[in-house]
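Below, each chain spelled out in residue letters.
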Amino acid sequence: MSEQAGRKPPTGLERLLWRAPIWLYRLHLGWLMGERFLLLHHIGRKSGQPRQAVLEVAAHRTEPDEYVVASGFGFKSDWYLNLKKTPDVSIQVGRKKMDVTAELLSAEQSGERMVQYARKYPRSARNLCRVLGHETDGSATRYREIGEKFVPFVAFHLR
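Residues numbered from 1 in each chain as written. Predicted model: local features only at pLDDT ≥ 70, side-chain atom pairs only at ≥ 80, totals over all residues. Heavy atoms only, no water.

### Some thoughts on the overall build of the protein
- Secondary structure assignment for the protein yields six helices and six strands.
- Here the C-alpha atoms of the protein give a radius of gyration of 15 Å, agreeing with the 15 Å that 2.2 N^0.38 yields for 159 residues.
- Expressed as lengths along the three principal axes of its C-alpha atoms, the size of the protein is roughly 40 × 40 × 30 Å.
- Within the protein, contacts between residues separated by at least 24 positions form 61% of all contacts whose residues are at least 6 apart in sequence.
- Surface accessibility of the protein: about 9,200 Å² in total, with carbon and sulfur atoms responsible for 54%. (Helix = DSSP H or I, 4+ residues; strand = E, 2+ residues; numbered from the N terminus. Rg over C-alpha atoms; globule rule 2.2 N^0.38 Å. Contact = heavy atoms within 4.5 Å. Areas by Shrake-Rupley, 256 points an atom, 1.4 Å probe, with all protein chains shown as cover.)

Here you go:
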């Protein structure tokens, strides 16, 4: 697999496993996911139908209230493309539901957020890069490059 391509989003059984945490939220057990994950309620860009995805929270600020996530499967993730079309969505963190607006961060902002994520969660950052097919030497320079080129970040702001 080439560095440029990264890893394609999962399909089949693997996709089912990646989407399994959605059922925790549907069963009102989202609080088990803690504040490291959120449930995104978004609208399909082609179908117009409601969609859901569970995403890891890379950063959370309380003033102003902002949740930041990474599109691990890159610029072609369905949820990411859906946010480009319809940025006004809702999220659920634990038991808390919020109406938010998604801001697709620039390449430079994504690079900086990737560096911050790697500093805060070094093991998770290494594993994320490995799973997605991006080699890293653990340097801030390499994490910045991965964030800028392959892993766009999204900030959710309360409406």
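### Let's talk about the pattern of salt bridges
- Taken as a whole and judged by the stated rule, the model has nine salt bridges.
- Salt-bridge contacts for Arg 36 lead to Glu 56; the nearest nitrogen and oxygen are separated by 2.2 Å. Of this pair, Arg 36 sits in the loop between helix 2 (21-26) and strand 1 (37-43) while Glu 56 sits in strand 2 (residues 50-62), and the two are 20 residues apart along the sequence.
- One salt bridge connects Lys 149 with Glu 145, and the closest N-O pair in it is separated by 3.1 Å. Remark: Glu 145 and Lys 149 occur in helix 6 (residues 140-149); sequence separation between them is four residues, near one turn of the helix.
- The partly exposed category is assigned to Glu 145, whose relative accessible area is 28%. (Salt bridge = Lys/Arg side-chain N within 4 Å of Asp/Glu carboxyl O. Buried < 20%, exposed > 50% of the residue type's maximum accessible area, 1.4 Å probe, protein only.)

### Let's talk about the pairing of strand 5 (residues 96-104)
- When strand 4 (residues 88-93) meets strand 5, the two strands line up antiparallel, connected through six bridges. The partner of Val 93 across the bridge, within strand 5, is Lys 96.
- Counted between consecutive antiparallel strands, the loop separating strand 4 from strand 5 contains two residues, among which Gly 94 sits at a positive phi close to 65°.
- Both strand 5 and strand 6 (residues 153-158) contribute to a ladder of five bridges, which runs antiparallel. Along strand 6, the bridge assignment pairs Thr 101 with His 157. (Pairing = 2+ DSSP bridges.)

### A look at unusual backbone geometry
- Each neighbour pair has its own omega, and for Glu 63 with Pro 64 the value is -10°, a cis peptide bond.
- Position of Pro 64 relative to the elements: it lies in the loop between strand 2 and strand 3 (65-70).

### Describing the packing of aromatic side chains
- According to the stated counting rule, one finds three aromatic pairs in the structure shown.
- Where Trp 79 meets Tyr 80, the ring centres are 6.2 Å apart and the plane angle is 80°; that geometry is what we call edge-to-face.
- Since its relative accessible area comes to 10%, Trp 79 is described here as buried.
- Note on Tyr 80: relative accessible area 5%, which makes it buried.
- Between Tyr 117 and Tyr 121, the ring centres sit 5.5 Å apart and the planes meet at 50°, which makes this aromatic pair tilted.
- Three or more aromatic residues link up through ring pairs in this structure, and these residues are Phe 75, Trp 79 and Tyr 80.
- Directly above the aromatic system of Tyr 121 lies the positively charged group of Arg 36, at a separation of 3.7 Å from the ring centroid. (Phe/Tyr/Trp six-rings, centres within 6.5 Å; stacked < 30°, edge-to-face > 60°. Lys NZ or Arg CZ within 6 Å of the ring centre and 35° of its normal.)

### Remarks on the packing of helix 4 (residues 107-120) against helix 6
- Interaxial distance between helix 4 and helix 6 falls to 7 Å at its minimum, and their mutual angle equals 135°. Considering the angle they form, helix 4 stands oblique to helix 6. Our pair here, helix 4 against helix 6, has a crossing hand that is right-handed. Together, Ala 107, Glu 108, Ser 110, Gly 111, Glu 112, Met 114, Val 115, Ala 118 and Arg 119 of helix 4 and Ala 140, Tyr 143, Arg 144, Ile 146, Gly 147 and Glu 148 of helix 6 make up the contact between the two elements.
- In terms of residue class, the contact of helix 4 with helix 6 is made up of seven nonpolar, three polar and five charged. (Axes fitted to C-alpha atoms, helices over the stretch in contact; angles between N-to-C directions. Parallel < 35°, antiparallel > 145°, perpendicular 65-115°, else oblique. Left-handed = near helix turned anticlockwise from the far one by under 90°. Nonpolar A, V, L, I, M, F, W, Y, C, P; charged D, E, K, R; others polar.)

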